[in-house]
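# A closer look at the structure
The lines below spell out each chain.
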Amino acid sequence: MKDQLQELLTKCVQDLISKGILKEMPSKIRIDHTKDNSHGDYATNIALMLSKQAKMSPVELAKIIIDQFEQKNFIKKIEIAGPGFINFFISQESSSSIVNEILAQAASYGCSDIGQGKKVLLEYVSANPTGPLHVGHGRGAAYGATVSNLLRNAGFIVDNEYYVNDAGRQMDILTVSIYLRYLTICGEDLRFPDNGYQGQYINDIAQGIYETSGQKFHLKSDLVFENVCRDGTEGGDKEVHIDQLIEKAKSILGDGFKAVFEVGIESILSGIKNDLAEFGVVFEKWFSEQSLIDSGLSESCISKLKDSKNLYEKDGALWFKTTNYGDEKDRVVVRDNGNHTYFASDIAYHLEKLNRGYDKIINVWGADHHGYIPRVKASIEALGHNSDKLEILLVQFANLYRGGSKAQMSTRSGSFVTLEDLRAEVGNDAARFFYILRKSEQHMDFDLDLAKSKTNENPVYYIQYAHARICSVFKQADEKELELDVSQANLSLLTEEIEKDILRELSRFRSVLESSAIQYEPHQLAYYLRDLSNHFHSYYNACKFIVDDKNLTQSRLALINATQQILKNGLSILGVGAPESM
RNA sequence: GCGCCCAUAGCUCAGCUGGAUAGAGCAACGGCCUUCUAAGCCGUAGGUCAUACGUUCGAAUCGUAUUGGGCGCGCCA
């Protein structure tokens, strides 16, 4: 309907151009759903936009446009209103046909092909595998998964990917943390380093190693701590302290160090996978950072950059001249100790992504990484690709409040609320919905007490309740042996104001999906579903659906059946269930 | 100091890329269950869209400056 109007209007403007009344096509011709139904069903501001080039007042121009406009029978009325808006009123028959469309296409109603089968790689979460996911990661997970659903629904082919940072120093710290806990279980008396990972999960992993391997890795703690400098709180340097512990453990443990590491990362990763799967977040691929080093891609990227004169040496380290590509300072890719930086892996990773032939690469990052964007784009350009292919979506932090004060979320200290805890407390549906309800670039206050204690006030239930209520109506209809037969429904009987409102609301669904997908804004869909539910609840209170008049009953059941379908389709994209009863 | 994000009702947030009288949810107040689920509905109240200029037919939306908050500015990841 909207598309048809758009076409007609475009043609109309073209005709006026050929008549010499208008000079040139505007960059876009907009037809919008109206906010206020006294303004009709659709409106355009075209006359306001073009009044200047036509050298006449918007109202005059609007008149000319309407005269030129090809009248169709689905248009009941065209009006000029306000400063020069053109409002279109759609005929009752035509606007109620949306119900038939929805019921005919059912679960696939709302799908589109605006993506034209373009291939998209969507990377998100990618939390370091040093511990369970916390509530901060949940936002990225819910957001990424929903964007993925939206894009798929819009005809893009989407691969979801999780980048696993399984290389580097933090993995060593993780391993040492586990190992020291293991030694404690073996009966050693030792002091746990300040910089170690302190969560209970570390103890659990250590316990697991003890149970399967017994004393196999047991060494005297005196040996491990021999010649290691003092820790931070003992007046030493906590970074040096832990680095020396790592070196010590590696040298005396040999292959055992790797064995402990393998058990540790396997345990943590499977926990993360499980957690996300239960949250309805599924990745096609888990990409290992280590694999970039093992395959030599990381090394070959550095060679390429070296060959293209993008690297230089300073203070014993190898620097990438990212300032040539708009970064504010140059970045180190190889440290003076010979180790590659995280950035070096990331260069290789992005090159690898590009080589896989995607049309678009999207990274969802925490907003704290925004300063990282120029250097990654720089690396893409330097390796001869177009950095526009990479789109980075930033998600702001969720500030966690508990008991009215901000809760800390540090993995290192182990004092955080896990995503798993949150899901257990508020449920997957509420958590998914709550996370995407806010625009991603908005800071978000997540009040745990509110989310946990007052779950009934969570807006997700409002929508689910609307769905359940409709199911309940059909249950009633069933008992009265009424069956919905759309072909029997005379939709022109839907003349109540609220019924027209719902028809208008239903007709918006497609454009909401399109807009949410293109702008990567799931919250638009969430707000839409809330509005639709609101209209339905009003309808429910204002009118009875199952009435003596059989024809009217059929039409009303058809209308709420279509509403139910839209709620279901929308919730499914949000990754939220549509319960039949509550 | 420089860069990015943000500022809308008492609180938490929308506002469809510049449009018509700025909206919703909580919280407050007043109504609605002998009727398909009251996790609901209807109504009332609540605003200098941080501030000041500017751009134009028209600004919460765009530009500049200021104020106030978040984040970033490692040979960490």
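Note that this is a predicted model, so its numbers are computed, not measured.

What counts as what
Residues numbered from 1 in each chain as written. Chains lettered and ligands numbered in written order. Predicted model: local features only at pLDDT ≥ 70, side-chain atom pairs only at ≥ 80, totals over all residues. Heavy atoms only, no water. Helix = DSSP H or I, 4+ residues; strand = E, 2+ residues; numbered from the N terminus. Buried < 20%, exposed > 50% of the residue type's maximum accessible area, 1.4 Å probe, protein only. Contact = heavy atoms within 4.5 Å. Near = heavy atom within 4 Å. Polar contact = N/O pair within 3.5 Å; in protein donor to acceptor, adjacent residues only side chain to side chain. Nonpolar A, V, L, I, M, F, W, Y, C, P; charged D, E, K, R; others polar. Pairing = 2+ DSSP bridges. Axes fitted to C-alpha atoms, helices over the stretch in contact; angles between N-to-C directions. Arc of directions from axis to C-beta. Domains from an automatic or database assignment. Right-handed = clockwise from strand over helix to strand, strands pointing away. Phe/Tyr/Trp six-rings, centres within 6.5 Å; stacked < 30°, edge-to-face > 60°. Lys NZ or Arg CZ within 6 Å of the ring centre and 35° of its normal. Salt bridge = Lys/Arg side-chain N within 4 Å of Asp/Glu carboxyl O.

## What to know about the overall build of chain A
Check the secondary structure of chain A and you find 21 helices and 15 strands. The dimensions of chain A, computed from C-alpha atoms along their principal axes, are 90 × 65 × 40 Å. The proportion of buried residues among the 582 residues of chain A is 49%. Within chain A, contacts between residues at least 6 apart in sequence are counted, and of these 73% link residues at least 24 apart.

## Section: the protein's contact with RNA strand B
Taken together, 63 residues sit near RNA strand B, with Arg 30, Phe 85, Tyr 462, Tyr 465 and Ser 472 positioned nearest. Atoms of RNA strand B within 4 Å of the protein: sugar and phosphate make up 63%, bases the balance. Residue Asn 87 places a side-chain N or O atom 2.8 Å away from a base nitrogen belonging to RNA strand B. His 523 has a polar side-chain atom sitting 3.0 Å from a phosphate oxygen of RNA strand B. Breaking the surface near RNA strand B down by element, the ones donating at least two residues are helix H2 (46-54), strand E4 (85-90), strand E9 (317-320), strand E15 (444-447), helix H18 (459-479) and helix H20 (522-542). Partitioning the surface near RNA strand B into residue classes produces 22 nonpolar, 21 polar and 20 charged.

## Section: the sheet that holds strand E5 (residues 119-123)
Pairing is parallel in the open sheet, where 5 strands are placed in the order E7-E6-E5-E11-E12. Every interior strand has two partners, whereas the edge strands, strand E7 (285-288) and strand E12 (390-395), have only one. Taken over all neighbouring pairs, the strand axes of this sheet differ in orientation by 25° on average, direction set aside. Pairing between E5 and strand E6 (residues 157-164): 5 bridges, direction parallel. Paired with Lys 119 across the two strands is Ile 157, which belongs to E6. Sheet contacts for helix H10 (residues 255-278): E6 and E7; angle to E7, the most-contacted strand, approximately 150°. Against the sheet, helix H13 (residues 342-355) touches E5, E6, E7, strand E11 (360-366) and E12, its axis set at about 160° to E6.

## Some details on helix H15 (residues 419-426)
Taken together, the buried positions of H15 are occupied by Leu 419, Leu 422, Arg 423 and Val 426. Down the axis of H15, the sector holding all buried residues measures 100°, keeping them to one side. The positive-phi residue at the C-terminal boundary of H15 is Gly 427, with phi of around 90°.

## Description of the domain arrangement of chain A
Each domain of chain A was delimited in the assignment, giving domain 1 (2-90), domain 2 (95-109 + 458-574) and domain 3 (169-269). The gap between the C-alpha centroids of domain 2 and domain 3 is 58 Å.

## Digging into the pairing of E5
In terms of burial, E5 is largely enclosed, as 4 of its 5 residues are buried. Running through helix H5 (residues 135-153), the crossover from E5 to the neighbouring parallel element E6 is right-handed. In this sheet, E11 lies alongside E5 in parallel orientation, the contact comprising 4 bridges. Each bridged residue has a counterpart across the sheet, and for Leu 121 the counterpart in E11 is Ile 361.

## Remarks on the packing of aromatic side chains
Applying the stated rule across the entire model yields 24 aromatic pairs. Three or more aromatic residues link up through ring pairs in this structure, and these residues are Phe 320, Tyr 325, Tyr 342, Phe 343, Trp 365 and Tyr 372. Between the NZ or CZ atom of Lys 314 and the centre of the ring of Trp 319, over which it lies, the distance is 4.6 Å. Lying across the ring of Tyr 109, Arg 510 places its NZ or CZ 5.0 Å from the centre.

## Some thoughts on the pattern of salt bridges
If you walk through the whole model with that rule in mind, you get 27 salt bridges. Linking Lys 258 and Glu 262 is a salt bridge whose minimum nitrogen-to-oxygen distance equals 3.6 Å. Of this pair, Lys 258 and Glu 262 both sit in helix H10, separated by 4 residues, roughly a single helical turn. Residue Lys 258 is classed as exposed on the basis of its relative accessible area of 53%. Given a relative accessible area of 38%, Glu 262 falls into the partly exposed group. Arg 556 is the salt-bridge partner of Glu 499, the closest N and O atoms lying 2.8 Å from each other. Pair noted here: Glu 499 is in helix H19 (residues 497-518) and Arg 556 is in helix H21 (residues 550-574), with a separation of 57 residues, a long-range link. Of the two residues, Glu 499 and Arg 556, both sit in the buried class. Several salt bridges converge on common partners, so that one network encompasses Lys 11, Asp 15, Glu 70 and Lys 72.

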